[in-house]
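A look at the structure
Now for the letters of each chain:
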Amino acid sequence: MKVIVIGATGTIGKAVSEQLATRHEVIRVGNTNGQYQVDIADPTSVEALFARVGKADAVVVAAGNVHFGPLSEITPQQLHIGLQHKLMGQVNVALTAQRHLNDGGSITLTSGIVGDEPIRYGVSATMVNAAVEGFVRAAAIELPRGLRINGINPSVLQESMDAYGPYFYGFEPVPAMRVAQAYVKSVDGLHTGRVYRVW
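The structure contained in this document is the topic of the report that follows.

Points about the overall build of the chain
Summing up its helical and strand segments, the chain has six helices and seven strands in all. When the helices and strands of the chain are listed from N to C terminus, the series reads β-α-β-β-α-β-α-β-α-β-α-α-β. Taken over the C-alpha trace, the chain has a radius of gyration of 16 Å; the compact-globule value for 199 residues is 16 Å, and the two agree within 12%. Seen along its three principal axes, the alpha-carbon backbone of the chain occupies a region of about 45 × 35 × 30 Å. Taken over 199 residues, the chain has a buried fraction of 50%. Summarising the internal contacts of the chain: among those between residues at least 6 apart in sequence, 68% fall at separations of at least 24. For the chain, the accessible area works out to roughly 9,100 Å², and carbon and sulfur atoms hold 53% of it. Put simply, the chain has 16 plus and 16 minus side-chain charges, and the middle of one group is 5 Å from the middle of the other.

What about the environment of T11?
With respect to the helices and strands, T11 occurs in helix α1 (residues 11–20). Under the relative-accessibility criterion, T11 is labelled partly exposed at 38%. Once the C-alpha coordinates of T11 and M177 are considered, the two residues, 166 residues apart in sequence, prove to be 9.3 Å apart. Beyond its immediate stretch of four places on either side in the chain, T11 contacts L157, E159 and A176.

Comments concerning the packing of aromatic side chains
Tallying each qualifying case throughout the model produces three aromatic pairs. On the numbers, 6.4 Å between centres and 45° between planes, the contact of F68 with Y164 is tilted. Separated by 96 residues along the polypeptide, F68 in the loop between β4 (56–61) and α3 (76–100) and Y164 in helix α5 (residues 161–164) bring together distant segments of the chain. What makes Y164 partly exposed here is its relative accessible area of 38%. The interplanar angle of 40° and the centroid separation of 5.1 Å between the aromatic rings of F68 and Y167 together place this pair among those described as tilted.

Some remarks on helix α6 (residues 176–188)
Helix length check: α6 (13 residues) gives 18 Å between terminal C-alpha atoms against 18 Å at 1.5 Å per residue, within 8%. Taken together, the buried positions of α6 are occupied by A176, V179, A180, A182, Y183, V184, S186 and V187. Next to the buried residues of α6 lie β1 (2–6), α1, β4, β5 (101–110), β6 (148–154) and β7 (195–198).

So, the pairing of β5
Within β5, seven of the ten residues are buried, which leaves the element mostly enclosed by the surrounding structure. Note that β4 and β5 share four bridges and pair parallel. In the strand pairing of β5, V60 is matched with T108. On the question of chirality, the crossover connecting β4 to the parallel β5 by way of α3 is right-handed. Bridge count between β5 and β6: five bridges; the pairing is parallel. Across the sheet, T110 pairs through a bridge with I152, a residue of β6.

Side note on the nonpolar core
Core analysis: the biggest nonpolar cluster contains 29 residues, and I4, I6, V59, V93, I107 and I149 have the highest contact counts within it. Sorting the residues of this core by element identifies β1, β2 (25–30), α2 (43–53), β4, α3, β5 and α4 (123–140) as the ones contributing at least two each. The residues contacting I107, other than those within four sequence positions of it, are V59, A94, A97, L101, L143, R148, I149, N150 and S186. Grouped together as the second largest cluster of nonpolar side chains are 23 residues, V3, V5, A8 and V60 included.

A short note on unusual backbone geometry
Phi at Y121 is positive, roughly 70°, even though this residue is not glycine. Considering the arrangement of structural elements, one finds Y121 in the loop between β5 and α4. With relative accessibility at 40%, the residue Y121 sits in the partly exposed group.

Rules and cut-offs
Residues numbered from 1 in each chain as written. Predicted model: local features only at pLDDT ≥ 70, side-chain atom pairs only at ≥ 80, totals over all residues. Heavy atoms only, no water. Helix = DSSP H or I, 4+ residues; strand = E, 2+ residues; numbered from the N terminus. Rg over C-alpha atoms; globule rule 2.2 N^0.38 Å. Buried < 20%, exposed > 50% of the residue type's maximum accessible area, 1.4 Å probe, protein only. Contact = heavy atoms within 4.5 Å. Areas by Shrake-Rupley, 256 points an atom, 1.4 Å probe, with all protein chains shown as cover. Lys, Arg positive; Asp, Glu negative; His and termini not counted. Charge placed at Lys NZ, Arg CZ, Asp CG, Glu CD. Phe/Tyr/Trp six-rings, centres within 6.5 Å; stacked < 30°, edge-to-face > 60°. Expected span 1.5 Å × (residues − 1). Pairing = 2+ DSSP bridges. Right-handed = clockwise from strand over helix to strand, strands pointing away. Core = buried A, V, L, I, M, F, W, Y, C linked by side-chain atoms within 4.5 Å.

Below, the structure written as structure tokens:
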């Protein structure tokens with residue numbers, strides 16, 4: 001299969017790309033690096049990416065920014081970061097992919113554990129992750145041509161504990177290669193409308 005991995009230069013994206021590349025042609029896409037570049041928050045940029053890459057069998061999104069900060073100080077503009085990038089960015093990819101993927105293709109999006117287990121300073125991330133999962137479940141019942149969509153909900157990564165550890169006291173970190181297996185299951189499997197939790 002031909003698989004587009006958006007966020008391929010990140011920790012999860014690299015692990016996913018490595019796993020999928022053992023069996024598939026992987027197109028590595030980043031914001032500023034990779035074979036192709038895309039700004040997922042910009043629907044025009046997403047459309048241009050699919051036009052350049054051509055027909056594909058699957059797309060994985062392991063990208064999306066959110067703001068972390070105390071609720072008492074958070075602004076609408078800061079909330080907008082997660083809404084525009086991690087939520088609508090992934091939705092932009094899914095909306096475009098439904099027109100460009102081959103019949104029976106798959107879309108895999110990314111949420112995160114704080115959608116289920118809120119943390120201090122994580123209100124934006126919790127809101128956005130829950131919305132991503134709602135989109136996955138609803139889109140699955142309407143996608144045409146046998147297309148599938150799933151979400152991956154990982155815990156904090158072992159590789160990210162230096163940066164994010166203070167937000168995640170009491171959480172069990174998981175290695176990126178273990179998280180990558182859930183993306184492989186989504187791409188190579190048959191499920192749709194599922195959220196795979198890797199905790």
